[in-house]
Structure formats: structure tokens, C-alpha cells
Amino acid sequence: MGLEGPGGREPDVAEVNVLIPSLLRPTAGGQEGLRLGVDPGGSTVAELLDAIGAQYPLFNRRVRDETGALRRFVNIYLDGDDVRRLDGLKTRVAAGQEVMVIQSVAGG
Amino acid sequence: MANIGEQSGTTYLLAVGTKKGLWLGTSADRANYVFTGPHFLMNEIPSIGIDTRNRKTRILVGVRSEHWGPTVSHSDDLGETWTEPENGAITFPQDTGAALERVWQIQPDSEGSPGVVWAGCEPISVWKSTDGGEHFELNRGLWDHPHRPEWGAGFGGAAAHTVLPSPTDPNTIHIAMSTGGVYRSTDAGATWEARNKGISAGFMPDAEPEFGQCVHKIARDPNNPETLYAQNHHGVYRSDDNADTWNSIADGLPTDFGFTMLTHPRRSGTAWVVPIMADSERIPPGGQLAVHRTDDAGASWTRLSDGLLEPDFNVVLRDAAAVDTEEPAGVYFGTRGGTVYASADEGISFTAVLTQLPDVLCVRAAVVEL
């Protein structure tokens, strides 16, 4: 599993697309989405974030704290389902699925 | 907005951290400021440290987003550009199982300890940097302290909010936490002892426990490092024995509640507080905001309010007040209503230099050469 470069390569079946919220794009090379290769049996959300974090540590720190927990007001959706209602960061992601990182409502 | 770097010569720098960003001002006279900001829009700035040692000026800020968490950034060009260490300046080691919630205090050490910067954080922890604040190391002596399970959280969260390294003894550091009280290390942070004798805790069954007090802010006398002042959650105190014992100096104040405590940069015996009515009535007494100054170590207090807008029903938070090092000393503070005041005459008169900002969380001032 690994993070593909920002080039315009067409996605293939062994990849997932991770959509980056606009506020975090400066921490992820300015990209709207990142394509990541996944293991044949799928990869967990945490593994995908680890792979992104290896290249973009600031992005990783914005999304997760240093214990690895997803920050309270950050949501991650897998094909439209909140992973907190699935298996959290252990939720498995299969090739071809879409992961969306998005900020929740918070603040005043 | 004007470029902050356009001024030259002796310049007064004023940094204002709010709930929604940072404002930076420069002034030639401490009354008329040119501000830039908001920097870090929609991030709270609960802590600011201005490090002017070695003829350089580094501004360090604790930054916290409700969404994206806390971090520390610094600027070496008065806010033109900011640097955030990629892996974080303050991150809890994995074995602690803890995560940083908020940086409450960034405190450069004295001239004799160049590069040393202290931080106080939530959860209750103290950190030390030896590279000017780019990377901090957790103080294990405090983290592993046997009192930890009994420390509590005040309304704002459980934090070490004050770190006071001694300017004359590198082994002595005083800290204050809410709730927990004052702790002192005399071995450079290896071990810490509770030092709250004489400080009351009206919210606990034992009125004078060894620890557990909700000390809101402590400040050190500039010439006698063993003299400290404390604004408590009800109670204003002075210690003349390195915090071994504390005595009330609240007589003469309209109320003993408040959050701030400032001492003079050079003159012993001078301190400033901003009284708040009570724990249960968190407004300036009668809605009339005033600073109170003592010049005799707390034996008497003088009410100062010239230039302050009336009425005002907002409190001044623990780090939303500061002094500079000029002669006469400048006094600065900001309210939760978003007004920031500056005084170039030690509090005799104030000028509102910013109004209608978000809640002011932190104010710091410095004299810099541009």
C-alpha cells in the first residue's frame, strides 16, 4: 500500500481515492484527492491515514491526535457512511471505494 | 493594512490572541498602533511567547482549531511568515497515552538560558524546549507525579497554565495549575512539591489542603526571586519564602476574585490585578472595569480606571494581561468583550487600542528594535 504521486495517472482497481477538505489541502500538497494503493484484502482507514501521514505529517496531525484517534470534529466517510458507525479507523477499505475526510460542525 | 515591518527604531510590539485569531500591533508611542490580523483566522490563540533574547525577536503562539487540534507556530519576522514543525513542537510520547489538547503557556526562560522555552499545557503538563521553541520535551517529573490522579479540571480545562523559571537559579521553577495549585521544583524539574500553604480552597472540604487549589495566575518579583504573587480562585496572596508559605494581600481590593496577576519588570513591590466580583458573579464589580495596583507589595491598592470604557461586564482572563520592559512600564490587557487596552504609564491611564475583537485570551507585549 502506498500513496501515489500527484500525477494524473488513471485510477486502477487496486486503489482508493481519499478526498481532502479544502481547508486541509495546503497540508496535502494542494491536492483535492489522493489516490492510494490498497492491499489485496483491503486496508484499514488507519492504514490509509498512516500512508498519507508518511508523506504529509501535517495533514495527519490535523486529522488525528498523537494517540492515533480521529479528532472529535473530523468525520471520515466511506462511500457515504460515517466510519464511526462502521468500525472506526479499523474499518476496511476495498479497492475502488471512496474515502472522504470532512470537518464536522463545531465552534461558535 | 500596513506592513508591520515598515516601522524602524525602538518599536513596541503588542500581540493579542483571541478565540478566533491573532492580532499583532506595532507602535512608536504605546498609544497608536498599526495592527495586522487576524493571523490564524478561526483558530484560538490561548498562548503567546515573545522571545527577545539575543537581539532577535521570535513570536511563538499556541494555536488551536476546534476541528484540527492544537499546535505551536513561530515567526521570526514579526508575523510576516509562520513556521510550524511538521511533526509538532509539542506531542505526547506514545507511552503516556495522552494527546495534547491546548497550549496554555509559552514562557521564554531568562537571558542566562538562551534557547530555553517552557510550555504549560492541557492535559496538565510542563514542557521544555532548548531550541527556541521548535521542539519541546515532556517533563516526566510532573507527568509521573503521585498527585496527578487528584488534580482536577477548572471550567477552562485541566492545565498547567503558568510556568515561572527563576531568573537567578536555573534549578528553580514554579508552576501553577488549575486545579492543583502551585508546585515548585528546586532540581531543574526532576521533582515537584506542592507549595500552597496559606492558600485557601473554598470549594473543597478541607479549606487549606496541601494541593488542589485553583490558582489562577502567579507572578514573580523582579528583584527578589523568592517573592511571588498569586491571584487565586478567591484569594490574593504573596509569598516571601519561595512559595513555602503564602499570606493574603487582598485587603484593600474590592474583591479577592480574578484571573490576572502582573508584576513590574524592575521594581519590587509593584503588582497589578483586575478584580472580578466573585466566582458566582463573573463581572467587574458593578460593571465598572478597573485595574488595581499596589506599590507596597500588597499592603495597599490603588484603583485605576482612567480611559477604560464603562460599563463593561466582561472578565479579563488569566493570560490576557501583560507588562512590557520599558520605563515607565507599559501595562496591557484585553477583555472577553474584545477590547484591548494599553497604558504607557504603569496603569495610570489607558487607551483602547482595539475594540470588538473576539474574546481576548492572551496578551503579550515587548520592546523590539527594528
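None of these values were measured; they are calculated from a predicted model.

About the thresholds
- Residues numbered from 1 in each chain as written.
- Chains lettered and ligands numbered in written order.
- Predicted model: local features only at pLDDT ≥ 70, side-chain atom pairs only at ≥ 80, totals over all residues.
- Pairing = 2+ DSSP bridges.
- Helix = DSSP H or I, 4+ residues; strand = E, 2+ residues; numbered from the N terminus.
- Axes fitted to C-alpha atoms, helices over the stretch in contact; angles between N-to-C directions.
- Contact = placed C-beta atoms within 7 Å.
- Nonpolar A, V, L, I, M, F, W, Y, C, P; charged D, E, K, R; others polar.
- pLDDT = per-residue confidence, 0-100.
- Buried ≥ 20, exposed ≤ 12 C-beta atoms within 10 Å, placed from the backbone.
- Arc of directions from axis to C-beta.

Student: Mind showing me how you'd approach the sheet that holds strand 4 (residues 44-51) of chain B here?
Tutor: For sheets, the rule is that strands pair by backbone hydrogen bonds, running either parallel or antiparallel. All names here are of chain B. Pairing is antiparallel in the open sheet, where three strands are placed in the order 4-5-6. Taken across any chain shown, the strands that pair with only one partner, and hence form the sheet edges, are strand 4 and strand 6 (69-75). Direction aside, neighbouring strands of the sheet carry axes that sit 15° apart on average. Here strand 4 pairs with strand 5 (residues 58-65) via six bridges, running antiparallel.

Student: Could you clarify how one ought to interpret the interface of chain A and chain B in this entry?
Tutor: Where interface size is quoted, it is often the accessible area lost as the parts come together. Tallying the contact residues gives 14 residues for chain A and 12 residues for chain B. With four residues, the top contributor of residues to the side of chain A that touches chain B is helix 2 (residues 57-63) of chain A. When its residues are assigned to classes, the side of chain A that touches chain B shows six nonpolar, three polar and five charged.

Student: Honestly, the confidence of the model for chain B in this entry has me stumped. Any pointers?
Tutor: Caution is warranted with low-pLDDT regions, since their predicted coordinates should not be read in detail. On average, chain B scores 95 in pLDDT, and the residues at 70 or more come to 98%. Overall fold confidence for the complex sits at a pTM of 0.94, while the interface term, ipTM, reaches 0.89.

Student: For this particular structure, what's the right way to read helix 1 (residues 45-55) of chain A?
Tutor: Of all the positions in helix 1 of chain A, only Val45(A), Leu48(A), Leu49(A), Ala51(A) and Ile52(A) are classed as buried. Projected onto a plane normal to the axis of helix 1 of chain A, the buried residues spread over an arc of 155° and lie on a single side.

Student: Please clarify how the pairing of strand 23 (residues 291-294) of chain B should be interpreted in this entry.
Tutor: When a strand is regular, its side chains alternate between the sheet's two faces. Residues and elements named next belong to chain B. Alignment of strand 21 (residues 271-273) against strand 23, held across three bridges, turns out to be antiparallel. Pairing of Ala271 across the sheet is with Thr294, part of strand 23. Relative to strand 24 (residues 302-304), strand 23 runs antiparallel, the two being bridged by three bridges. What sits directly across from Val291, in strand 24, is Leu304.

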